[in-house]
Amino acid sequence: MSILLLLICLPFALIGTALAFGWLRTRMLARRGAALVPQAGEVKPVTGGTIHYVEAGDPAKQTLVLIHGLAGQLQHFTYALVDRLAQDHHVIALDRPGCGYSTRDGAALAGLPEQARMIGEFLDAKGVKDPVLVGHSLGGAIALAMALDRPRKVAGLALICPLTHHMAGPPAVFRPLEIRNERLRHLIGLTIAVPMANWTAEQTLTQVFAPENFPEDFLDRAGGALGLRPQAFVTASEDVVGADASIAAQAQRYRELDVPGAILFGAEDAVLLPTQHGVPMKKFGLRCELLPGRGHMLPITAPDECEEFIRGVSISTRVPATLRG
């Protein structure tokens, strides 16, 4: 009987040991990530959480609000674009709710309308008027949500490789994030997700940046090390589920768009197809430009082209949103 009991209990003991090891490893990697990428800016409270942001340039000039994508942080923009744009713009780069050093109170705030509301509340609290919203990837979907929900407060949209329409499933590289059970999501985040992310980092970055190469300083200068924290996994998983639940309804509203702007896509984007998420937006008033040979991570790999694109949108939307129409 004792041998039988041992055989029954052994798998559970092994699983428990593996989870305990994963938890310890996760804590170590999380500390390393926070040390590599410390808090860069200020934090402002909003309903349901806080927004961490950095600010540059003259507040009297046109404001650009830079909103990063899935599993990202504001360093995707400070990497190359913020200092350039701040020469003649007022620039705010922020961590989306729950990302980087921003927070949100739970998974219910992961949907596009809620993230848009939180960022909008932050901008109102800052006294920002008539910004051009620069959204990359998932940040593009949130910028669109803001334009739909508060069109009189948005001067323009400069969307870079944005998510715009519903997909049958998340991009292959992000499929492991599609966890719909909240308890399971947190358990995985606290134990095995971070060690696995550390182990597969090179492979993941290769897929996200394809066909271009990812920079060697991505972990520190681009903030990638912040992904080595349990909350980063939990937030990204919530974002995948939240976007899936809200993007179809948002797409039904695009005919209401009353904010000028444009879209820039890498023609070889392996994460979001420009034919699905860029070209179809032309009928809603957003022209779409394609960069041959470029992939998904344009703010990092193509800063010259992104700067020119953003400046072009800013120049074309000089009339304050509050005065249009």
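Notes on the structure in this doc start here. (Residues numbered from 1 in each chain as written. Predicted model: local features only at pLDDT ≥ 70, side-chain atom pairs only at ≥ 80, totals over all residues. Heavy atoms only, no water.)

In terms of helices and strands, the protein carries twelve helices and nine strands. Against the 2.2 N^0.38 benchmark of 20 Å for 325 residues, the protein shows a C-alpha radius of gyration of 20 Å, consistent with a compact globule. Once the C-alpha set of the protein is aligned to its principal axes, its extents read approximately 80 × 40 × 35 Å. Buried residues in the protein amount to 55% of all 325 residues. Once local pairs closer than 6 in sequence are excluded, the contacts in the protein between residues at least 24 apart make up 80%. Carbon and sulfur atoms make up 60% of the accessible area of the protein, which amounts to about 14,500 Å² in all. Seen as two clouds, the 30 positive and the 31 negative side-chain charges of the protein have centres 4 Å apart. (Helix = DSSP H or I, 4+ residues; strand = E, 2+ residues; numbered from the N terminus. Rg over C-alpha atoms; globule rule 2.2 N^0.38 Å. Buried < 20%, exposed > 50% of the residue type's maximum accessible area, 1.4 Å probe, protein only. Contact = heavy atoms within 4.5 Å. Areas by Shrake-Rupley, 256 points an atom, 1.4 Å probe, with all protein chains shown as cover. Lys, Arg positive; Asp, Glu negative; His and termini not counted. Charge placed at Lys NZ, Arg CZ, Asp CG, Glu CD.)

For the bond from alanine 210 to proline 211, the omega torsion is 5°, close enough to zero to count as cis. With respect to the secondary-structure elements, proline 211 resides in the loop between α8 (201–209) and α9 (230–251). Located in the positive-phi region is serine 137, a residue other than glycine, with phi close to 60°. Relative to the helices and strands, serine 137 resides in the loop between β6 (132–136) and α5 (138–149). Looking at serine 137, the relative accessible area reads 9%, which means it is buried. Not every positive phi belongs to a glycine, and cysteine 161 is a case in point at roughly 45°. Tracing the sequence through the fold places cysteine 161 in the loop between β7 (156–160) and α6 (182–191).

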